[in-house]
Amino acid sequence: MYLARTRFLFFLASLACASIIGVAFYLQQAAGLDPCTLCMVQRAAFIACGVLALCAACHAPGPTGTRRYSLGLLLVALAGLAGAGTQVWLQTASADQLIPFITRLEQILSLLSLDMCIDRLRSDALFCAEITWTLFGISLPEWSLLAFTGLALLPLYPLFSELSHWLATRDRGGY
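Read on for a plain summary of the structure. (Residues numbered from 1 in each chain as written. Predicted model: local features only at pLDDT ≥ 70, side-chain atom pairs only at ≥ 80, totals over all residues. Heavy atoms only, no water.)

**Here's the deal with the overall build of the protein chain**
On a plain count of helices and strands, the protein chain comes out with seven helices and two strands. The N-to-C order of helical and strand elements in the protein chain reads α-α-α-α-α-β-β-α-α. Counting over 175 residues, the protein chain shows a buried share of 33%. A fraction of 75% describes how many contacts in the protein chain between residues 6 or more apart in sequence connect residues 24 or more apart. Accessible surface, the protein chain: about 10500 Å² in total, of which carbon and sulfur atoms supply 69%. (Helix = DSSP H or I, 4+ residues; strand = E, 2+ residues; numbered from the N terminus. Buried < 20%, exposed > 50% of the residue type's maximum accessible area, 1.4 Å probe, protein only. Contact = heavy atoms within 4.5 Å. Areas by Shrake-Rupley, 256 points an atom, 1.4 Å probe, with all protein chains shown as cover.)

**Let's talk about the state of the cysteines**
Per the stated rule, a full pass over the model turns up zero disulfides. Considering cysteine sulfurs only, Cys 17 is the nearest to Cys 49, which forms no disulfide, with 5.2 Å between them. On the basis of relative accessibility, which here comes to 0%, the residue Cys 49 falls in the buried class. Among the cysteines around Cys 55, which has no disulfide bond, Cys 58 carries the closest sulfur, lying 7.1 Å off. (Disulfide = S-S within 2.5 Å.)

**Some points on the environment of Leu 75**
Positionally, Leu 75 belongs in helix α3 (residues 63-92). Taking relative accessible area as the criterion, Leu 75 reaches 59% and is therefore assigned exposed. Between the alpha carbons of Leu 75 and Cys 49 there is a distance of 9.3 Å; along the sequence they are 26 residues apart.

**Comments concerning the nonpolar core**
Considering soluble globular proteins, one finds that nonpolar side chains tend to be buried as a cluster. Within the largest apolar cluster, 19 residues are counted, with the highest numbers of intra-cluster contacts made by Phe 10, Phe 46, Cys 49, Phe 148 and Leu 151. If you list the elements that add at least two residues to this core, you get α1 (2-30), α2 (37-59), α3 and α6 (140-153). A per-element tally of this core places α2 first, with six residues. Beyond its immediate chain neighbours, meaning those up to four positions away, Phe 46 contacts Cys 17, Ile 20, Ile 21, Ser 144, Ala 147, Phe 148 and Leu 151. (Core = buried A, V, L, I, M, F, W, Y, C linked by side-chain atoms within 4.5 Å.)

**What to know about the side chain of Gln 42**
Secondary-structure assignment places Gln 42 in helix α2. Polar side-chain contacts of Gln 42 include one of 2.7 Å to the side chain of Ser 144. In this structure Gln 42 touches Gly 80, Gly 83, Ala 84, Gln 87, Pro 141, Ser 144 and Phe 148, once residues within four positions along its chain are discounted. (Polar contact = N/O pair within 3.5 Å; in protein donor to acceptor, adjacent residues only side chain to side chain.)

**Some points on the packing of α2 against α3**
Orientation of α2 relative to α3, taken along the N-to-C sense of each, is 160°, at an axis distance of 9 Å. On the basis of the axis angle, α2 is roughly antiparallel to α3. Pair α2 / α3 crosses with left-handed handedness. Where α2 abuts α3, its residues Leu 38, Cys 39, Gln 42, Ala 45, Ala 48, Cys 49, Leu 52, Cys 55, Ala 56 and His 59 lie against Tyr 69, Gly 72, Leu 73, Val 76, Ala 77, Gly 80, Gly 83, Ala 84, Thr 86, Gln 87 and Leu 90. Considered class by class, the residues forming the contact of α2 with α3 number 14 nonpolar, seven polar and no charged. (Axes fitted to C-alpha atoms, helices over the stretch in contact; angles between N-to-C directions. Parallel < 35°, antiparallel > 145°, perpendicular 65-115°, else oblique. Left-handed = near helix turned anticlockwise from the far one by under 90°. Nonpolar A, V, L, I, M, F, W, Y, C, P; charged D, E, K, R; others polar.)

**Quick word on the environment of Tyr 69**
When you line up the elements, Tyr 69 lands in helix α3. Beyond its immediate stretch of four places on either side in the chain, Tyr 69 contacts Phe 10, Leu 52, Cys 55, Ala 56, His 59 and Pro 61.

Following this line, the structure appears as structure tokens:
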């Protein structure tokens, strides 16, 4: 029963990611919402999460494979969570908070010899900080943050249920 539940959870996660990407493309085409750089990073993370979850659902791995897929999904979801969190912070930060942040990023890009990215960073930071669309008073990056939180919590179920099973077996003297 455990394998069927985890396959179903992975399938639901892939379905959710496909729906999110579909809505993002619809909003881009129908509402004219052009994605910024952080939006593109979030889309890539959603696609990666969806593909990984679909592979896990179709593959039906054993406990070791489920653990690996869960860890991979968790890491990609946390990366997307970081991108969405950064964009939410950019949208809620004041100009006094944005200027030191952008200056620090410019210094890092200069150290990495990526001076060509500095002009794009300035324009993209302002573009990412702009709230262009909301649903129920929640902006797109905030919806994305909620979705990545759910995607990060989903792989914890197989990981913790396997851990609790292992601890119960160990307490009974199985190891």
